[in-house]
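Fold and geometry: a report
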Amino acid sequence: MNKITEISVGVDVSKNTLDVCFHQTKSFFKIENSHKGINLLLKKLANFKVDKIVFEASGGYEQRLLLALEEAEHNYWRVNPIRVKGFIASEGTLAKTDKSDAKMLALFAYKKDKKNENVKVKEEERRLQCFFRRRRGLKRMIVTKKQRLDKPMEKYCKTMIMRTIKFFEKQIKSLDKEISKLISDNKNIQRKIEIIESVPGLGKESSSALVIEMPELGKIRNKQAAALLGVAPCTKESGTYRGRAIIKAGRRVPRKVIYMAALTASRFNPDFAKFYKRLRKNGKPGKVALVAVMRKLVELVNTLLKENRLWENRVLERYV
């Protein structure tokens, strides 16, 4: 078949299967969420001129599909599930099946324009993300195990918990070695960490977390960086009602990092401290002023990475 028909594709992702719908041809099929199944999908897509392929972020189950589409240079769009749910509700659809979800995703792909290009994450960055998330999970498990040690229990059980903690700590040390090796072998990541570390208040661990959890930094606009972190205020107004602007969504892990950095910067960095005090003097609550500092910090980091240069005192003038 000649590539004359442009199609919009919706893919409903689950752990074991992918439900696919081609909007223009009204065709639907189910395949395995495996390399074999995705290769079959790519063969079917080769018969058409593909406008875009839409699927939801599904807790990592979409990653295999994403990588395959990226390698095949297809125009894909990984969408926030909340946005898709809102679209389905706006269309008046009440049914909830894998087939209907794929159909609505295909309709979403047909009706909606993708404003921003996908920021491609390199293989080294993906590996670092995997290692960091595993390390973070091990840290959480160690905290949980240590909390159990505070409770009265048999000596034998306590010994078992201690052994488990030591095993987790050993795994963390092993992961740290792998992370250090990956970073030392990648000059691009090293440079990014060097730039972020040059900003007062951001240390080695904070810099690594930002580079790994927000690989888009340096490739997007400042407003996008603030929204991605979850520090862009959302206003609520209707008629005469004027609600309080609040922050929501965003990436939790890098937001924690920036929060701690903002605490330090608002006290000990002269420029940020001046900015923080000015907001407080103007009547802003402490948390609101601190979130403003967080936003300035992430925008500053984004600009420095984009311009590939270290922090200087004069850089801050345009932000505070």
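Note: the structure precedes this text.
The paragraphs below set out a description of the structure included in this document.

Cut-off values and rules
For every chain, the first residue of the written sequence is number 1, and numbering continues from 1 onward in sequence order. pLDDT decides what is reported in this predicted model: residues at 70 or higher carry local features, side-chain atom pairs at 80 or more are listed and counted, and totals for whole chains, interfaces and linings draw on all residues regardless. Here the side-chain values reflect all heavy atoms present in the structure, with hydrogen atoms and water set aside. Helix numbers and strand numbers start at the N terminus; a helix is a DSSP run of H or I with at least 4 residues, a strand a run of E with at least 2. Throughout, exposure labels follow a simple rule: accessible area from a 1.4 Å probe, protein chains only, divided by the maximum for the residue type, with under 20% read as buried, over 50% as exposed, and the rest as partly exposed. Throughout, a contact is declared for two residues whenever any of their heavy atoms are within 4.5 Å. Counted as positive: Lys and Arg. Counted as negative: Asp and Glu. His and the chain ends are not counted at all. Where a charge sits is defined by one atom per residue type, namely NZ (Lys), CZ (Arg), CG (Asp) or CD (Glu). Only protein atoms enter the 1 Å grid used here. Points where a 1.4 Å probe fits but cannot escape make up a cavity, open sets with protein on both sides within 12 Å along at least five of seven lines make up a pocket, and a residue lines them when an atom lies within 4 Å of a point. Grid points are joined across faces, edges and corners, and a volume is the space filled by probe spheres set on the points. Each residue gets one label: Ala, Val, Leu, Ile, Met, Phe, Trp, Tyr, Cys and Pro are nonpolar, Asp, Glu, Lys and Arg are charged, and the others, such as Gly, are polar. Between N-to-C directions, angles cover 0 to 180 degrees, with each direction set by a line fitted to C-alpha atoms, over the stretch in contact for helices. Note: crossing handedness is left-handed where the near helix turns anticlockwise from the far helix by less than a right angle, and right-handed where it turns clockwise. Whenever Lys or Arg places a side-chain nitrogen within 4 Å of a carboxyl oxygen from Asp or Glu, that contact is recorded as a salt bridge. Two aromatic rings from Phe, Tyr or Trp, using only the six-membered ring of Trp, form a pair when their centres are within 6.5 Å; if the ring planes differ by under 30 degrees the pair is stacked, by over 60 it is edge-to-face, and anything between is tilted.

**Some details on the overall build of the chain**
- Helix and strand counts for the chain stand at twelve helices and seven strands.
- Considering the chain as a whole, with its 320 residues, one finds that 41% of them fall into the buried category.
- For the chain, long-range pairs separated by at least 24 residues make up 58% of all intrachain contacts whose partners lie at least 6 apart in sequence.
- Seen as two clouds, the 71 positive and the 35 negative side-chain charges of the chain have centres 5 Å apart.

**Looking at the side chain of Asn186**
- Relative to the helices and strands, Asn186 is located in the loop between helix H6 (155-184) and helix H7 (187-197).
- Of the residues examined, Asn186 reaches a relative accessible area of 12% and is grouped as buried.

**Details of the layout of surface pockets**
- In this structure, the second largest pocket occupies an estimated 430 Å³ of space.
- Lining the second largest pocket we find 17 residues, and of these Pro233, Ile247, Val288, Val291 and Ala292 sit closest to its centre.
- The set of elements that each furnish at least two residues to the lining of the second largest pocket consists of helix H11 (270-281) and helix H12 (286-307).
- If you tally residues by element for the lining of the second largest pocket, the top one is H12, at seven residues.
- Residue composition of the lining of the second largest pocket, grouped by class: eleven nonpolar, no polar and six charged.

**A look at unusual backbone geometry**
- Backbone geometry places Glu73, a non-glycine residue, at a positive phi of 60 degrees.
- One can find Glu73 in the loop between helix H2 (63-71) and strand S5 (76-79).
- Assessed through its relative accessible area of 69%, Glu73 is described here as exposed.
- The backbone of Asn308 shows a phi angle near 55 degrees, a positive value even though the residue is not glycine.
- Here Asn308 is to be found in the segment after H12.

**Overview of H2**
- Turning to H2, its buried residues are Leu65, Leu66, Ala68, Leu69 and Glu70.
- On the buried face of H2, the contacting elements are strand S1 (6-13), strand S2 (17-22), helix H1 (35-45), strand S4 (49-56), S5 and helix H5 (123-149).
- A positive backbone phi angle near 60 degrees is found at Glu73, which sits one or two residues after H2.

**So, the packing of H11 against H12**
- Orientation of H11 relative to H12, taken along the N-to-C sense of each, is 145 degrees, at an axis distance of 9 Å. In the crossing of H11 with H12, the sense of the turn from one axis to the other is right-handed. Of H12, the residues touching H11 (which contributes Phe272, Phe275, Tyr276, Leu279 and Arg280) are Gly286, Ala289, Leu290, Ala292, Val293, Lys296, Leu297 and Leu300.
- Broken down by class, the residue content of the contact of H11 with H12 amounts to ten nonpolar, one polar and two charged.

**Observations regarding the pattern of salt bridges**
- In the structure shown here, the tally under the stated rule is 14 salt bridges.
- With a closest N to O distance of 3.2 Å, Asp51 and Lys52 form a salt bridge.
- Take Asp51: its relative accessible area is 24%, and that puts it in the partly exposed class.
- For Glu307, the salt bridge goes to Arg309, with nearest N and O atoms at 2.4 Å.
- A relative accessible area of 37% means that Glu307 is categorised as partly exposed.
- For Arg309, a relative accessible area of 19% corresponds to the buried category.
- Residues participating in the shared-partner salt-bridge network are Arg133, Arg136 and Glu213.

**Here we look at the packing of aromatic side chains**
- Going through the model one piece at a time under the given rule, you end up with six aromatic pairs.
- Measuring from centroid to centroid gives 6.1 Å for Phe55 and Tyr76, while their planes differ by 25 degrees, and the two rings are stacked. With a gap of 21 residues between them, Phe55 in strand S4 and Tyr76 in strand S5 connect regions that are remote in the sequence. Exposure class is identical for Phe55 and Tyr76. Each is buried.
- Ring centres of Phe87 and Phe108 lie 5.2 Å apart, and the angle between their planes is 90 degrees; on these two criteria the pair is classed as edge-to-face. With Phe87 in helix H3 (residues 81-90) and Phe108 in helix H4 (residues 98-111), this residue pair connects regions lying 21 residues apart in the sequence. Each member of the pair, Phe87 together with Phe108, is buried.
- A network of ring pairs unites the aromatic residues Phe22, Phe29 and Phe48 as a single cluster.

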